[in-house]
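One letter stands for each residue in the lines below.
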Amino acid sequence: MPVPTTYLEWSELLDQFGKGDNTALDDLNNGNYACDSVIGWRFCTRVYEAFNNRIKIWLDKFESSFHLRNFRSFEDYDALLKDAKQNLTPLFRFIELEGLPKEIRSALRNEFQEFLTEFKKSMIKNVPKESNNKERILFLLNAFSISHTSTAINTDKKYFPQQKEKVLQNAKRKILL
């Protein structure tokens, strides 16, 4: 598909992404749209609809996997949260699309952060009180976040090998004793 530049091209790709198609992300990332006062409001609405639809899809998948299993151990929660984080990666890539205006990206980042905060609060409330590993599970839930560096390294195809190495070197932790 050609790089989206018009409202129609953007709306088609946003609909695809909103329905769960991650292949639209690469085209959206390469796209460019200059918001004007006439269609700007509709464009913002379409972006938010796609974002909210993907959150609903993610929540449905998460709830179904959560209810299908009986989570009691630390390992169960760890596996669930790893899957959840991996499934959130397309949403994170979406809010970081370079083709979107900066104001929209900033607003989406705030929405995404609020969503993650509410998600963690809800999960913390539902940790079984009689669990032997309650503290470990709570620690795991409190540490749940999406890291910009790790997502960019794993999913962004725009990095050249030299740049990827620089990012990896900067991402390493230094432990001081």
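Up top you'll find the structure we're talking about.
Source: prediction; values computed, not measured. (Residues numbered from 1 in each chain as written. Predicted model: local features only at pLDDT ≥ 70, side-chain atom pairs only at ≥ 80, totals over all residues. Heavy atoms only, no water.)

Draft legend 1. Examining the packing of aromatic side chains more closely. If you walk through the whole model with that rule in mind, you get eight aromatic pairs. Centroid distance Phe62 to Phe119: 5.0 Å. Interplanar angle 80°. Geometry classified as edge-to-face. Taken together, the positions of Phe62 in helix 3 (residues 40-68) and Phe119 in helix 5 (residues 102-125) put the pair 57 residues apart, joining distant regions of the chain. Both residues of the pair, Phe62 and Phe119, count as buried. Look at Phe92 and Phe112: their rings are 6.4 Å apart centre to centre, the planes differ by 45°, and that puts the pair in the tilted class. Of the two residues, Phe92 is situated in helix 4 (residues 74-95) and Phe112 in helix 5; the sequence distance between them amounts to 20 residues. (Phe/Tyr/Trp six-rings, centres within 6.5 Å; stacked < 30°, edge-to-face > 60°. Helix = DSSP H or I, 4+ residues; strand = E, 2+ residues; numbered from the N terminus. Buried < 20%, exposed > 50% of the residue type's maximum accessible area, 1.4 Å probe, protein only.)

Draft legend 2. Looking closely at the pattern of salt bridges. Under the criterion given, the structure shown has five salt bridges. Between Asp26 and Arg93 there is a salt bridge whose closest N-O contact spans 2.9 Å. Here the residue Asp26 occupies a position in helix 2 (residues 24-30), and Arg93 occupies one in helix 4, the gap between them amounting to 67 residues. Taking relative accessible area as the criterion, Asp26 reaches 30% and is therefore assigned partly exposed. Of the charged contacts, one joins Asp78 and Lys82 as a salt bridge, the two residues approaching to 3.4 Å between their closest N and O atoms. Of this pair, Asp78 and Lys82 are both found in helix 4, four residues apart, which corresponds to roughly one turn of the helix. (Salt bridge = Lys/Arg side-chain N within 4 Å of Asp/Glu carboxyl O.)

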